[in-house]
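Listed here are the chains, written in short residue letters.
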Amino acid sequence: MAGLFFAGCAKPTEEQRLAKFKGSMKVKTYRLASDNATWMAAVGYEKAAGQKVDPALVHATLGIVWFVAGKNEYALIEADLTGKGATDQQKLISLALQSLALSKMKYPGLSKARYDELKNGMATQKGRDANSIEVEHKVCLLSLIVVGLYQGDSELATFGADALGAITQLDYLPPLIGAVIEAKKGSPLKAVAQLRELNKSERFSAHKKEILAEIADLIANTPDKEKLGDEIAERVLMKLVQRVMDDVFSAENQKLLLEKVQAIPELITGKAAAKTSEASTNQVTTTSEAKREG
């Protein structure tokens, strides 16, 4: 009796929570409606375009639409429906969408498991090792974040941060990128307030809080409180990329790869690339002073 009592009081596992969600009437109703709507969309497309489209790809596209809209439960259901497709590629797409949606729904363990499954599946298809596939994904997503921030494309930067946060378990990354986007949009004070508030959260480790504090301090130092100046924006982005890269490539073999890559500039030019945050800041300051003198 005592065993049953304590078992009932135990916190449900991620698998148990997910099984309960998938067995709910809400999910069953949505799946039926989605199957019907997807079939109608596929038929309508075929009539209009004269080409057939696999319903699984319609589900996949709809899953991305839901994810971008912040409707993560619907995105997860569409990911499951995508996985019913016949091809290996569709199953991989399903795993990618599941990993993203599960991360946003606070299932970190299952999100990582789906990503590992995806990584191994892609490695098998391409005849490459899983680590190479993982590095490829991380570099791609980090590039999306950086180019999105530089070009002012907040949706691209947000999507990259959500995806990279999911596969690396860096839960501080999406809110951090969101705050930087606010600063870039012209609300540095709001961004600093968001980062200071995040810094109080007990869910973040001391290391993560240190990163949040560093970025907050950089943004707070902008002379014009209504606008993030180009020089400060450059410092923020350089600091962000440098710290995030250290966290993203955290596995021992990937740390080694990063060290090898960081050594390449000196081999080519005879000068080491700035690796520390202080060197990065000094580099930007020197560049800015040179521009003013010029």
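Up top you'll find the structure we're talking about.
Residues numbered from 1 in each chain as written. Predicted model: local features only at pLDDT ≥ 70, side-chain atom pairs only at ≥ 80, totals over all residues. Heavy atoms only, no water.

### Some thoughts on the packing of aromatic side chains
Next, step 1: In the structure shown here, the tally under the stated rule is three aromatic pairs.
Next, step 2: Aromatic side chains Tyr 30 and Tyr 74 sit 4.6 Å apart centroid to centroid with 10° between the ring planes, which places their arrangement in the stacked category. Here the residue Tyr 30 occupies a position in helix H3 (residues 25–49), and Tyr 74 occupies one in helix H5 (residues 72–82), the gap between them amounting to 44 residues.
Next, step 3: When its relative accessible area of 13% is taken as the criterion, Tyr 30 is described as buried.
Next, step 4: Residue classification places Tyr 74 among the partly exposed residues on the basis of a relative accessible area of 26%.
Next, step 5: With centroids separated by 6.1 Å and ring planes inclined at 85°, the aromatic side chains of Phe 67 and Phe 159 adopt a geometry described as edge-to-face. Pair noted here: Phe 67 is in helix H4 (residues 55–68) and Phe 159 is in helix H9 (residues 154–168), with a separation of 92 residues, a long-range link.
Next, step 6: Judged by its relative accessible area of 28%, Phe 159 is partly exposed.
Next, step 7: Cluster of aromatic residues (ring-pair linked, three or more members): Tyr 30, Trp 66 and Tyr 74. (Phe/Tyr/Trp six-rings, centres within 6.5 Å; stacked < 30°, edge-to-face > 60°. Helix = DSSP H or I, 4+ residues; strand = E, 2+ residues; numbered from the N terminus. Buried < 20%, exposed > 50% of the residue type's maximum accessible area, 1.4 Å probe, protein only.)

### Topic: the nonpolar core
Next, step 1: With 60 residues, the main nonpolar core has Leu 149, Ile 177 and Leu 195 as its most contacted residues.
Next, step 2: With seven residues, the top contributor of residues to this core is helix H10 (residues 173–185).
Next, step 3: Residues in contact with Leu 195, not counting those within four places in the same chain, are Leu 176, Ala 179, Leu 212, Ile 215, Ala 216 and Ile 219. (Core = buried A, V, L, I, M, F, W, Y, C linked by side-chain atoms within 4.5 Å. Contact = heavy atoms within 4.5 Å.)

### Thoughts on the pattern of salt bridges
Next, step 1: Per the counting criterion, the structure on display carries 13 salt bridges.
Next, step 2: Asp 80 is paired through a salt bridge with Lys 22; the nearest N and O atoms lie 3.2 Å apart. Residue Asp 80 is located in helix H5, and its partner Lys 22 is located in helix H2 (residues 14–22); the two are separated by 58 residues in the primary sequence.
Next, step 3: For Lys 22, a relative accessible area of 33% gives the class partly exposed.
Next, step 4: One salt bridge in this structure joins Lys 200 and Glu 197, with 3.8 Å as the shortest N-O distance.
Next, step 5: Each of Lys 112, Asp 116, Lys 119, Glu 134 and Lys 138 takes part in one network of salt bridges that share partners. (Salt bridge = Lys/Arg side-chain N within 4 Å of Asp/Glu carboxyl O.)

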